[in-house]
Amino acid sequence: EKYKLTKPIVYFLAIMAMTCWACSFVWVKIVYEYTRPFTTVLTRLIIASSILLVVLIVTRQNQKILKKDYKNFLILALVEPFFYFLGESFGLTMVSSTVGAVIISTIPIFAPFLSFIIVREKISLAHVLGIILSFLGIILLVFEKDLSMSASPLGIALMFLAVFSAIVYSIIIKRLAKTYNTMMLVTFQNVIGIFFFLPLFLFFDFGHVFLKPPDFRFFSSITLLAIFASSIAFLCYVVVIREWGINKTNLYINLIPVLTAIFSYIVLDEIF
């Protein structure tokens, strides 16, 4: 972060983040064969936090959080991972990986308006055209020819909770990224997130954690979720937000449903 990043590196980081998140929809579906949403989220946060804390200490990137930012860090972890994962985790139990990914890709539709209202980030003509194309794509995927929904309305609503949580997250992270380094931000959002999810795990999942005995498929999927979706993707995303701002960065979220559809076809045999 001490060095100026070139455009190709920022493009790579943006695509890397979206690829990790696209794959996460498939890994979550696999993990749900073995355990429940709260167990899934808490496990991936613990693994991710452990890895990130070690890296943070070894690389000496730890920073003291200013008192004025205590509230911002709590809100950051509240919207993502807490509200985001509540929406995404339960939403994906009701909709397919591809439909879930497409709904998440509506983030660029709503992000410009919220970022304009809150941080006065300008909306360009390209953003408006991208918004229209994205919305048409969502209608094509979510609705049948007779205009009936091809997915659960509650599942769709929960996925939209994740959408708005992600937008608020991007706005807060842009502010905090001016003061704190990327590793610090991603590590503490995961650590704080553990304390938000722990009571829910103890109340709902504790005592009946697994639906069936875990095997290599489970352990590999939950580890991939922790390393790539909860760690590497956010590290890349925060850097890109710092370089490009909210609106341009979030346009790349449109890559997620395309990549998820391909990955779901290969791994889960879902139909395009």
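The preceding data block contains the structure.
Since the model is a prediction, treat every value here as computed from it, not as a measurement. (Residues numbered from 1 in each chain as written. Predicted model: local features only at pLDDT ≥ 70, side-chain atom pairs only at ≥ 80, totals over all residues. Heavy atoms only, no water.)

Phi angles above zero are rare outside glycine, and R60 is one such case at about 55°. Of the residues examined, R60 reaches a relative accessible area of 77% and is grouped as exposed. (Buried < 20%, exposed > 50% of the residue type's maximum accessible area, 1.4 Å probe, protein only.)

Right, let's talk about the nonpolar core for a bit. Judged by nonpolar contacts, the single largest core of 80 residues is most densely connected at W21, I104, I107, Y169, L185, F197 and I256. Looking at this core, the elements that each hand over two or more residues are α1 (7–31), α2 (37–58), α3 (70–91), α4 (97–104), α5 (107–119), α7 (153–176), α8 (182–205) and α9 (216–244). Considering each element in turn, this core owes the most residues, 15 residues, to α1. (Core = buried A, V, L, I, M, F, W, Y, C linked by side-chain atoms within 4.5 Å. Helix = DSSP H or I, 4+ residues; strand = E, 2+ residues; numbered from the N terminus.)

Each pair of packed helices gets described by two things: the angle between the helix axes and the distance between those axes. At a minimum axis distance of 10 Å, the contact between α2 and α3 shows a crossing angle of 135°. Taken together, the axis directions place α2 and α3 in an arrangement best described as oblique. Regarding α2 and α3, the two cross each other, and that crossing is right-handed. Packed against α2, whose contacting residues are P37, F38, V41, R44 and L45, the element α3 presents P81, F85, L86, E88, S89 and F90 at the interface. Here the residues of the contact of α2 with α3 sort into 8 nonpolar, 1 polar and 2 charged. (Axes fitted to C-alpha atoms, helices over the stretch in contact; angles between N-to-C directions. Parallel < 35°, antiparallel > 145°, perpendicular 65-115°, else oblique. Left-handed = near helix turned anticlockwise from the far one by under 90°. Contact = heavy atoms within 4.5 Å. Nonpolar A, V, L, I, M, F, W, Y, C, P; charged D, E, K, R; others polar.)

Our next topic: the pattern of salt bridges. Throughout the structure, instances matching the rule amount to 3 salt bridges. One salt bridge connects R217 with E33, and the closest N-O pair in it is separated by 2.6 Å. Residue R217 is found in helix α9, and its partner E33 is found in the loop between α1 and α2; the two are separated by 184 residues along the sequence. For R217, a relative accessible area of 33% translates into the label partly exposed. With relative accessibility at 32%, the residue E33 sits in the partly exposed group. Taking the shortest distance from any N to any O, the salt bridge between K68 and D69 comes out at 3.7 Å. Several salt bridges share partner residues, and in doing so they unite E33, K212 and R217 into one network. (Salt bridge = Lys/Arg side-chain N within 4 Å of Asp/Glu carboxyl O.)

The description of an aromatic ring pair rests on the distance of the ring centres and on the angle between the ring planes. On inspection of all chains with the given rule, the structure shows 26 aromatic pairs. Look at Y84 and F85: their rings are 5.8 Å apart centre to centre, the planes differ by 65°, and that puts the pair in the edge-to-face class. As far as the burial class goes, Y84 and F85 line up, both buried. Among the aromatic residues, those joined into a cluster by ring pairs are F38, F82, F83, Y84, F85, F90, F196, F197, F203 and F204. Cation over ring: K212 sits above Y34, and NZ or CZ is 4.6 Å from the ring centre. Between the NZ or CZ atom of K248 and the centre of the ring of W244, over which it lies, the distance is 4.4 Å. (Phe/Tyr/Trp six-rings, centres within 6.5 Å; stacked < 30°, edge-to-face > 60°. Lys NZ or Arg CZ within 6 Å of the ring centre and 35° of its normal.)

Bringing the side chain of S264 into the picture now. Along the chain, the position of S264 falls in helix α11 (residues 255–267). Owing to a relative accessible area of 0%, S264 belongs among the buried residues under this scheme. Once residues within four sequence positions are removed from consideration, S264 is found in contact with V26, S97, T98, D269 and E270.

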